[in-house]
Amino acid sequence: MKSFVKEKGLVLPLDRANVDTDYIIPKQFLKSIKRTGFGKNLFDEARYLDKGEPDQDCSKRPLNPDFVVNQPRYQGASILLARENFGCGSSREHAPWALDDFGIRAIIAPSFADIFFNNCVKNGILCIVLDEATVDQLFQETFAQEGYALDIDLEAQTITKPDGSKISFEVEPSRKHVLLNGLDDIGLTMQHAEDIKAFEQRWRERSPWLFA
Amino acid sequence: MAGKTLYDKLWESHLVKELDNGTSLIYIDLHFLHEVTSPQAFEGLRLAGRKPWRASANMATPDHNVPTTTNERSRGVEGIVDPISRIQVKTLDDNCNDFGITEFGIEDSRHGIVHVIGPEQGRTLPGMTIVCGDSHTSTHGALGALAHGIGTSEVEHVLATQCLVQRKAKNMLVKVNGKLKPGVTAKDVILAIIGKIGTAGGTGYTIEFAGDVIRDLSIEGRMTVCNMAIEAGARAGIVAVDDKTIEYLKGRPYAPKGEQWEQAVAAWRNLVSDADAVFDTVVELDGGEIVPQVSWGTSPEMVAPVTGVVPDPASAPTEAKRNNYQQALKYMGLEPGTPITEIKLDRVFIGSCTNSRIEDLRAAAAVVKGRKVASNIKQALVVPGSGLVKAQAEKEGLHQIFIEAGLEWREPGCSMCLAMNADQLGQGEHCASTSNRNFEGRQGFGGRTHLVSPAMAAAAAVFGHFVDVREVELH
């Protein structure tokens, strides 16, 4: 798995609450059996003026000039700034795949939906929860200052602003460990294979109908 | 010491071991797979040279991306017109063959929406842990199982290890007291709950639904309620086991038999929260006050009673909510103060893992019977949840009622709930839908969804606009 250690990059402000995973990557792109190539369809319905189809050449599609992702000043951004309950709805991991493919490495929001948050960790994307006032302040500063960039250090659990001031953030130690080291979850769990087998044996004796 | 909640009991019984940092290794009894969120997981297994830990603990069916017209379905997988969809469905067939996983393919009479066929087959059992790469896996909690959606990386993880690394959620009790008024259904109950606690109200919790109203619901109705727990932010929703649960499961193909049945029932009787269990949060509603619900916006929390009006953003409690309401009204093309019954409708969809079971179709047919689809409705789809639901409905003559009224009778699948197949709304069209999500574009590019119960959707089809189904005479 991809690791996350540090990220310095432009901030993309998506000023909208309850962004759902259908909004992040619409369903027609879920027909792909691959894990890559979703970046060009990230936020497809808001980003383009026409209806997108899988395997389409997006370079010729009409862009929605009002949508923040299309504004020249945010091109190349790697840190997404979002509002509450980001990533709600469907469990599609295509949402973090699309964000990753587009170049987003970290997301800052007041809250995230559970399944999406988990899916991000599996893809080396850092989700940072900050209180609403701090997020609001970051929105204002991003809008006010062209080229606004943040410097995120996961080891130190800090975000450094352009003026040098720092914001600290919480991260669960196990998730931090996995992200910093880009660990293979399945490999880690397989280290407990004997425990799983022992549990399975006990469980089978207690609930034989589950193994019939 | 305080007693245990049902969720506590389910969690503890599946605890393989506690890991560092507050995570636990949890054993998974049953894993459902479908064509959309599994191909990358199987590919991952192949690349790492891994095999399923316990192939028999998996069950697959293609549902999200299958056509629903009889013509296209009559030629099986090869008959799927869209080549990208055909590859995806075939890939599931191939993966199940390669890895020894039971699949109900689209030509199998038992095929259907994964969350409909699991309980229908008795594959879903009380006391199980169940996961699937689909957020509506919470449906299975209606039978006293701990069930939730996962992403594709976790699909691969469960295939390889039969376990997940998890953090225990908090306990929330949602108690619906009293008695529902006639014409008010499970769908109205869950929409009213989401309207009250909000789309993130259950984030970080497992919700146990309880109270007299929940006890009075059929198992199908409880599935409708648990199905939409995720729409309140909770990954899992559960209902305690009672006589109805056991009665529902008895004799189903995969349910235990003989001596094991007796043994299982004895164990299942314990799957209730202890009387002295403590919940982190308790929410209570009076079921007698719930009226049929209609969503007016782009989040399932944006609901109003059918007797109400589209709200004014100025009345929203916070500025953030005001912005949400404004964005939603703009997308929906609605003006504040418009009576819900005056919203213009273009299409009707009766189906999805929320509302495509036999009792849903019976409720819809009862309203439609002796009436015709209104002239302004371009299309009204009825998509049964499974081949067996379809067969049962046809045995009861429900399909004739729908067809005579001008509704389309389709083959099972997810269909217009997420509109991955050809069943889609056109831009700007309004749809009365029995599905679970009214997000922007969910049912088609620019489409506008109004979430309702099957009876409300059926009434909308024949009257051409929302009506209070409590006032509709049944023929």
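The structure this text deals with has already been given above.
Residues numbered from 1 in each chain as written. Chains lettered and ligands numbered in written order. Predicted model: local features only at pLDDT ≥ 70, side-chain atom pairs only at ≥ 80, totals over all residues. Heavy atoms only, no water.

Participant: Would you take a moment to explain the overall build of chain B for this structure?
Facilitator: Secondary structure assignment for chain B yields 16 helices and 19 strands. Dimensions of chain B, computed from the C-alpha atoms along their principal axes, are close to 55 × 55 × 45 Å. By residue count, 68% of the 475 residues in chain B fall in the buried class. Once local pairs closer than 6 in sequence are excluded, the contacts in chain B between residues at least 24 apart make up 76%. As displayed, chain B offers around 15500 Å² of accessible surface, 49% of which is attributable to carbon and sulfur atoms. In chain B, which carries 47 positive and 57 negative side-chain charges, the distance between the mean positions of the two groups comes to 1 Å. (Helix = DSSP H or I, 4+ residues; strand = E, 2+ residues; numbered from the N terminus. Buried < 20%, exposed > 50% of the residue type's maximum accessible area, 1.4 Å probe, protein only. Contact = heavy atoms within 4.5 Å. Areas by Shrake-Rupley, 256 points an atom, 1.4 Å probe, with all protein chains shown as cover. Lys, Arg positive; Asp, Glu negative; His and termini not counted. Charge placed at Lys NZ, Arg CZ, Asp CG, Glu CD.)

Participant: Quick question: what am I supposed to make of the overall build of chain A here?
Facilitator: Each helix and strand counted, chain A has eight helices and seven strands in total. The C-alpha extent of chain A, read off along each of the three principal axes, is 65 × 45 × 25 Å. Within the span of chain A, comprising 212 residues, buried residues form 60% of the whole. Looking at chain A alone, contacts between residues at least 24 apart form 64% of all its contacts between residues at least 6 apart. For chain A, the exposed area adds up to about 8700 Å²; of that, 48% sits on carbon and sulfur atoms.

Participant: It is not clear to me how the pairing of strand β6 (residues 129-132) of chain B should be interpreted in this structure. Could you clarify?
Facilitator: Taken residue by residue, a regular strand's side chains alternate between the two faces of the sheet. Residues and elements named next belong to chain B. Burial along β6 is two-sided: the face carrying T129 and V131 and the face carrying I130 and C132 are both buried. Relative to β6, strand β3 (residues 30-33) is paired through three bridges, and the arrangement is parallel. By the bridge assignment, F32 is partnered in β6 with C132. Across four bridges, the pairing between β6 and strand β7 (residues 146-149) is parallel. Counterpart to T129 in the pairing with β7 is L146. (Pairing = 2+ DSSP bridges.)

Participant: Honestly, the pairing of strand β4 (residues 126-129) of chain A in this entry has me stumped. Any pointers?
Facilitator: By the bridge criterion, four bridges tie strand β3 (residues 106-109) of chain A to β4 of chain A in an arrangement that is parallel. Bridge pairing links A106 of chain A to L126 of chain A in β4 of chain A.

Participant: Honestly, the interface of chain A and chain B in this entry has me stumped. Any pointers?
Facilitator: A common way to express how large an interface is: the accessible area buried when the components associate. Counting from both sides, the interface comprises 59 residues of chain A and, opposite them, 74 residues of chain B. On the surface where chain A and chain B come into contact, there are eight salt bridges. As a salt-bridge pair, D184 of chain A and R50 of chain B come within 3.1 Å of each other at their nearest N and O atoms. Joining chain A to chain B, the criterion identifies 31 residue pairs in polar contact (both at pLDDT 80 or more). Top element by residues in the side of chain A that touches chain B is helix α8 (residues 193-206) of chain A. It accounts for eight residues. Residues belonging to the side of chain A that touches chain B are distributed by class as follows: 21 nonpolar, 14 polar and 24 charged. (Salt bridge = Lys/Arg side-chain N within 4 Å of Asp/Glu carboxyl O. Polar contact = N/O pair within 3.5 Å; in protein donor to acceptor, adjacent residues only side chain to side chain. Nonpolar A, V, L, I, M, F, W, Y, C, P; charged D, E, K, R; others polar.)

Participant: Could you clarify how one ought to interpret the layout of surface pockets in this entry?
Facilitator: One water molecule sets the probe size; rolling that probe over the atoms shows where empty space is left. Here the largest pocket defines a volume of roughly 1200 Å³. Contributing to the lining of the largest pocket are 48 residues, with N118, E172 and R175 of chain A together with T23 and R167 of chain B lying nearest its centre. Of the residues contributing to the lining of the largest pocket, the split by class is 21 nonpolar, 15 polar and twelve charged. A volume near 790 Å³ is recorded for the second largest pocket. (1 Å grid on protein atoms, 1.4 Å probe; cavity = no way out; pocket = protein on both sides within 12 Å on 5 of 7 lines; lining within 4 Å. Points joined across faces, edges and corners; volume = space filled by probe spheres on them.)

Participant: Would you mind showing me how to read the sheet that holds strand β17 (residues 408-409) of chain B here?
Facilitator: Adjacent strands of a sheet pair through backbone hydrogen bonds, lying either parallel or antiparallel. Residue and element names in this part refer to chain B. Spatially, the five strands line up as an open sheet ordered β17-β16-β15-β18-β19, and their pairing is parallel. Both edges of this open sheet fall to β17 and β19 (448-451), since each of them pairs with a single strand only. Of the strand pairs in this sheet, strand β18 (residues 430-433) and β19 are connected by four bridges, and their pairing is parallel. Note on β19: the bridge partner recorded for A432 is H450.

Participant: Which parts of the structure should I look at to understand the packing of aromatic side chains?
Facilitator: Within a pair of aromatic rings, the relevant descriptors are the distance that separates the centres and the angle that separates the planes. Summed over the entire model, instances satisfying the criterion amount to 15 aromatic pairs over all chains. Plain terms: the ring middles of W261 of chain B and W268 of chain B are 5.6 Å apart, the flat faces sit at 85 degrees to each other, and that makes the pair edge-to-face. An identical accessibility class is assigned to W261 of chain B and W268 of chain B; each is buried. Three or more aromatic residues joined by ring pairs make a cluster, and in this case those are F86, F112, F116 and F117 of chain A. (Phe/Tyr/Trp six-rings, centres within 6.5 Å; stacked < 30°, edge-to-face > 60°.)

Participant: What is the right way to read the state of the cysteines from this model?
Facilitator: Disulfide: a covalent bond formed between the sulfur atoms of two cysteine residues. Residue and element names in this part refer to chain B. Tallying each qualifying case throughout the model produces zero disulfides over all chains. Cysteine C414 is unpaired, with the sulfur of C353 as its nearest cysteine sulfur at 6.5 Å. Classification of C414 as buried rests on a relative accessible area of 8%. (Disulfide = S-S within 2.5 Å.)

Participant: Is there a simple way to think about the pattern of salt bridges in this case?
Facilitator: Note that side chains of opposite charge can pair when their charged atoms are close. Applying the stated criterion across every chain, the model contains 41 salt bridges over all chains. Measuring nitrogen to oxygen at the nearest pair gives 3.9 Å for the salt bridge that ties K6 of chain A to D153 of chain A. Of this pair, K6 of chain A sits in strand β1 (residues 6-13) while D153 of chain A is found in strand β5 (residues 149-153), placing the two residues 147 residues apart along the sequence. By relative accessible area, which is 55% here, K6 of chain A ends up exposed. Overall, D153 of chain A belongs to the buried group, its relative accessible area being 17%. Notably, a salt bridge pairs R222 of chain B with D242 of chain B, separated by 2.7 Å at the nearest N-O pair. Highlighted residues: R222 of chain B in helix α9 (residues 219-227) and D242 of chain B in the loop between β11 (236-238) and α10 (243-249), separated in sequence by 20 residues. On the basis of relative accessible area, D242 of chain B is assigned to the buried category, the value being 15%.

Participant: Looking at this structure, I do not really get the sheet that holds β5 of chain A. What am I missing?
Facilitator: All names here are of chain A. Reading across the sheet, the seven strands line up as β4-β3-β2-β1-β5-β6-β7 and stay open at both edges, with mixed pairing between neighbours. The open sheet has two edge strands with one neighbour each: β4 and β7 (166-168). Strand after strand, the sheet turns through a mean of 25 degrees between neighbouring axes, direction not considered. Bridge count for β1 against strand β2 (residues 79-81) is three bridges, and the pairing is parallel. Bridge pairing in β2 links V11 to I79. The sheet contacts of helix α4 (residues 114-121) involve β3 and β4, and relative to β4 the element is tilted by about 135 degrees. (Axes fitted to C-alpha atoms, helices over the stretch in contact; angles between N-to-C directions.)

Participant: Looking at this model, I keep getting lost on the environment of I130 of chain B. Mind explaining?
Facilitator: Residues and elements named next belong to chain B. Mapped onto the fold, I130 is located in strand β6. Separated by 298 residues in the primary sequence, I130 and G428 place their C-alpha atoms 38 Å from one another. Those residues within four positions of I130 in sequence are excluded, and the remaining contacts are L30, F32, T124, T137, H140, A145, L146, A147 and H148.

In short, the description is geometric, and any link to function would need to be established separately.
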